[in-house]
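An overview of the molecular structure
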Amino acid sequence: MKISIVAVGQRQPGWADEATREFLSRLPPDFAVQLKEVRPEPRDGKPVERLQAAEAERLRAACPPGAAIVALDERGKDWNTMQLAGALQSWRDEAQAVAFVIGGPDGLDAGFKRSARLLLRLSSMTLPHALARVLLAEQIYRAWSVLSNHPYHRA
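Residues numbered from 1 in each chain as written. Predicted model: local features only at pLDDT ≥ 70, side-chain atom pairs only at ≥ 80, totals over all residues. Heavy atoms only, no water.

Observations concerning the side chain of Q12
- Topologically, Q12 is positioned in the loop between β1 (3-8) and α1 (14-25).
- Here Q12 falls in the buried class, since its relative accessible area comes to 17%.
- From its side chain, Q12 meets the backbone nitrogen of A130 in a polar contact 3.5 Å long.
- In this view, Q12 contacts D17, E37, H129, A130 and R133; residues no more than four positions away in its chain are not counted. (Helix = DSSP H or I, 4+ residues; strand = E, 2+ residues; numbered from the N terminus. Buried < 20%, exposed > 50% of the residue type's maximum accessible area, 1.4 Å probe, protein only. Polar contact = N/O pair within 3.5 Å; in protein donor to acceptor, adjacent residues only side chain to side chain. Contact = heavy atoms within 4.5 Å.)

Structure below.
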């Protein structure tokens, strides 16, 4: 199964990079997750829509061809870990690549969100982007542990 986390932003705090790497390194090779970072658009007075559109192009280019796009958005579906595990199982059974996409400081382009297979939120609270990466990596690892009957997840 090919899983990607595609995120705007190339410089995250050291603690966030370390925590994200830690969770992703725990996954076995057949469930490996690749983190792809894309350059944010310079915020030099451009309208938000132009910033989002430029970042959306970079995000699209970084997603594997044919991948199911899961856009992280505060208005997305509010899944629990078991629902995420079920979706990952379905995608794995279908040999469907999946890309979880995290936008920049201004969020994701409206057209990009409309084209996504799924809008998903990690929390009802606003999260810093660095923490969103850590939380997503941990939840992917937790979902894998559910599917593998690994003791990490204790429901």
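Here's the deal with the nonpolar core
- Ranked by size, the top nonpolar core spans 31 residues in total, and within it I3, L27, L88, W91, V98, F100 and I140 carry the most contacts.
- Elements with a minimum of two residues in this core: β1, α1, β3 (68-77), α3 (81-93), β4 (98-102), β5 (118-120) and α5 (129-147).
- No other element matches the nine residues that α5 contributes to this core.
- If we skip the residues at most four places from it in the chain, L27 touches V33, I140, Y141 and W144.
- Membership of the second largest hydrophobic core comes to 16 residues, among which are V8, A67, A97 and A99. (Core = buried A, V, L, I, M, F, W, Y, C linked by side-chain atoms within 4.5 Å.)

What about the pattern of salt bridges?
- Counting across every chain of the model gives 12 salt bridges.
- A salt bridge links D73 to K113, with the nearest nitrogen and oxygen atoms 3.1 Å apart. You can see D73 sitting in strand β3 and its partner K113 sitting in helix α4 (residues 110-115), a full 40 residues away along the chain.
- Owing to a relative accessible area of 11%, D73 belongs among the buried residues under this scheme. (Salt bridge = Lys/Arg side-chain N within 4 Å of Asp/Glu carboxyl O.)

Topic: unusual backbone geometry
- Even without being glycine, A95 reaches a positive phi, approximately 55°.
- The residue A95 is located in the loop between α3 and β4 in this model.
- Judged by its relative accessible area of 71%, A95 falls in the exposed class.

Quick word on the environment of A99
- If you trace the backbone, A99 turns up in strand β4.
- Along the primary structure A99 and I5 are separated by 94 residues, whereas in three dimensions their C-alpha atoms are 5.7 Å apart.
- Those residues in contact with A99, other than ones at most four positions away along the chain, are S4, V6, C63, P64, A67, A68, I69 and V70.

Section: the sheet that holds β1
- With parallel pairing, the five strands of this open sheet are ordered in space as β2-β1-β4-β3-β5. Both outer strands of the open sheet, β2 (33-38) and β5, are each paired with one neighbouring strand and no more. Strand-to-strand twist across the sheet, computed as the mean angle between neighbouring axes with direction ignored, equals 30°.
- Looking at chain direction, β1 and β4 are connected through five bridges and run parallel. Its bridge partner being in β4, V6 is matched across the sheet by V101.
- Contacting β1, β3, β4 and β5, α3 crosses the sheet at an angle of about 135° to β4. (Pairing = 2+ DSSP bridges. Axes fitted to C-alpha atoms, helices over the stretch in contact; angles between N-to-C directions.)

Some remarks on the packing of aromatic side chains
- Throughout the structure, instances matching the rule amount to three aromatic pairs.
- Ring geometry for F23 and Y141: centres 6.4 Å apart, planes at 40°, overall tilted. Of the two residues, F23 sits in helix α1 while Y141 sits in helix α5, which places them 118 residues apart along the sequence. We note that F23, like Y141, is buried.
- Residues W91 and F100 carry aromatic rings whose centres are separated by 6.5 Å and whose planes lie at 75° to one another, so their mutual orientation is edge-to-face.
- On the basis of relative accessibility, which here comes to 7%, the residue W91 falls in the buried class.
- Judged by its relative accessible area of 0%, F100 falls in the buried class.
- Of the aromatic side chains, those joined through ring pairs into one cluster are F23, Y141 and W144.
- Here the basic side chain of R26 rests over the ring of Y141, its NZ or CZ set 5.3 Å away from the ring centre. (Phe/Tyr/Trp six-rings, centres within 6.5 Å; stacked < 30°, edge-to-face > 60°. Lys NZ or Arg CZ within 6 Å of the ring centre and 35° of its normal.)

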